[in-house]
Amino acid sequence: MILGIDASNIRAGGGVTHLIELLRFANPQQHGIDSVIIWANASVLERIEEQPWLTKVSPPLLECSLLYRIFWQKFRLHAAARQAKCDALFVPGGSDSSGFTPIITMSQNMLPFHLNELFRFGLSFLTLKLLLLRYTQSTTFNKAAGIVFLSKYAEETIANGRNFIKKKSKIIPHGIDLRFFLPPRTSIKEFSYSNPCKITYVSIIDMYKHQWHVADAVGRLRSAGIPVILNLIGPAYKPALEKLERALDVIDPEREFIFYHGSIPYKELDNIYKTSDIGIFASSCENLPNILLEMMAGGLPIACSNLGPMPEVLGDAGIYFNPEAPDEIALALKSLIDSPELRLQKARTAYTHAKRFTWEACSNETFRFIATTTKYWKDAHPVKTRQATNDIH
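Overview of the structure. (Residues numbered from 1 in each chain as written. Predicted model: local features only at pLDDT ≥ 70, side-chain atom pairs only at ≥ 80, totals over all residues. Heavy atoms only, no water.)

In this section: the pairing of strand β8 (residues 197–202). For β8, the tally of buried residues reaches five of six residues, placing the bulk of the element in the interior. Alignment of β8 against strand β9 (residues 228–233), held across six bridges, turns out to be parallel. Considered in β9, the bridge of Ile199 is made with Leu230. On the question of chirality, the crossover connecting β8 to the parallel β9 by way of helix α8 (residues 211–223) is right-handed. Direction of pairing for β8 relative to strand β11 (residues 278–281): parallel, over a ladder of two bridges. Note that in β11 the partner of Ile199 across the bridge is Ile278. (Buried < 20%, exposed > 50% of the residue type's maximum accessible area, 1.4 Å probe, protein only. Helix = DSSP H or I, 4+ residues; strand = E, 2+ residues; numbered from the N terminus. Pairing = 2+ DSSP bridges. Right-handed = clockwise from strand over helix to strand, strands pointing away.)

The following block contains the structure:
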């Protein structure tokens, strides 16, 4: 069996991390896949380790703008996959217009399927883009032989009321890089203004991440005499950053206890968690939040949004709140700050839960699912399989 991977629309972030780790830990021959060919731009392929069974191809059009990449997928990918004698095509980006069959796809973005979250962006190009993704991904899911979901929440939400609810699917969560694992700190730390509680929120500043509500909650704690500082880390969507800055001008105009550090390299994130006392995650729309997984592995007590897949992932290891209610956020943080015992208990439980998420398991389950799904599809479509073989020859 020969597997093709279309990574033409994967450029950065968690999608690239998933590809790198998926292929790093892969043993496709164990599942009857003899070779894998991946199409992506050169910068992505450079980050993927060489493997004897892996062929990396960077078509020139994938170095160009979005329209060129869409053109390549729609008009060039099918022929490229047939020429490479691919038996199946894996599309981790979620959208396919190539016409190749069978395809196995993957859902990694919840925003297109949450209209209330999507419309937080108002009348904008991003809203239009997300609506287009909603259409292209729904179309792809409908025709796919199989779909990989990252969480039960994502599967239930996206499949609800759609034609592909009977589609063969599999829940395969992402893994956690081993460098993030740090056992919870057992020493009991008392906080003071000279040694304040350091709360860390790592995530893009965005409309559904609610950093301004977190800042409001931290401001309330400071007003109540609780020694706490908030570190916000991540890139920013400009309108959301402007909203955050306006909030900070009221809550902490001198920037004495709330600090926005911007984006930092992914390779430095584990060191950020090592110097933090409490992690917070206040998103209202996620598929599988990698940041939450990494904080769990980092041995941090976590105050967390009660929406989306967060309770599914964190379980009994979190103190939950409504991410749009600053008073609830403040109470959740205060309960952790006031009790060293509670912090240690939650951190230990989170650390234990994090051990379930490994890249080895993710890679193994993904290639097993691709192989079995391809076999089922070919058994159910013998005519199409013979036609595809004749086309190759």
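Here we come to the sheet that holds β11. Think of a sheet as strands paired side by side through backbone hydrogen bonds, with each pair either parallel or antiparallel. Within the open sheet, the six strands sit side by side as β10-β9-β8-β11-β12-β13. Their pairing is parallel. The outermost strands of the open sheet, each flanked by one partner alone, are β10 (258–260) and β13 (318–321). Neighbouring strand axes in the sheet, compared pairwise and without regard to direction, differ in orientation by 20° on average. Relative to the sheet, helix α13 (residues 326–338) contacts β8, β9, β11, β12 (302–305) and β13, its axis offset from that of β13 by approximately 160°. (Axes fitted to C-alpha atoms, helices over the stretch in contact; angles between N-to-C directions. Contact = heavy atoms within 4.5 Å.)

Here Phe191 shows up in the loop between β7 (169–171) and β8. Sequence separation between Phe191 and Asn27 is 164 residues; the distance between their C-alpha atoms is 48 Å. Contact partners of Phe191, with chain neighbours within four places excluded, come to Pro196, Cys197, Pro227, Asp277, Ile337 and Arg343.

Before going further, it helps to spend a moment on the pattern of salt bridges. Considering all chains together, one arrives at 18 salt bridges under this definition. Of the charged contacts in the structure, one is a salt bridge between Arg220 and Asp216, with a shortest N-O distance of 3.1 Å. Separated by four residues within a single helix, Arg220 and Asp216 lie in helix α8, roughly one turn from each other. A relative accessible area of 42% means that Arg220 is categorised as partly exposed. The closest approach of N and O atoms between Asp379 and Lys375, which form a salt bridge, is 3.1 Å. Residue Asp379 and its partner Lys375 are both found in helix α15 (residues 359–380); the two are separated by four residues, about one turn of the helix. The exposure class of Asp379 is exposed, given its relative accessible area of 52%. Linked by salt bridges that have partners in common, Glu21, Arg24 and Glu49 make up one network. (Salt bridge = Lys/Arg side-chain N within 4 Å of Asp/Glu carboxyl O.)

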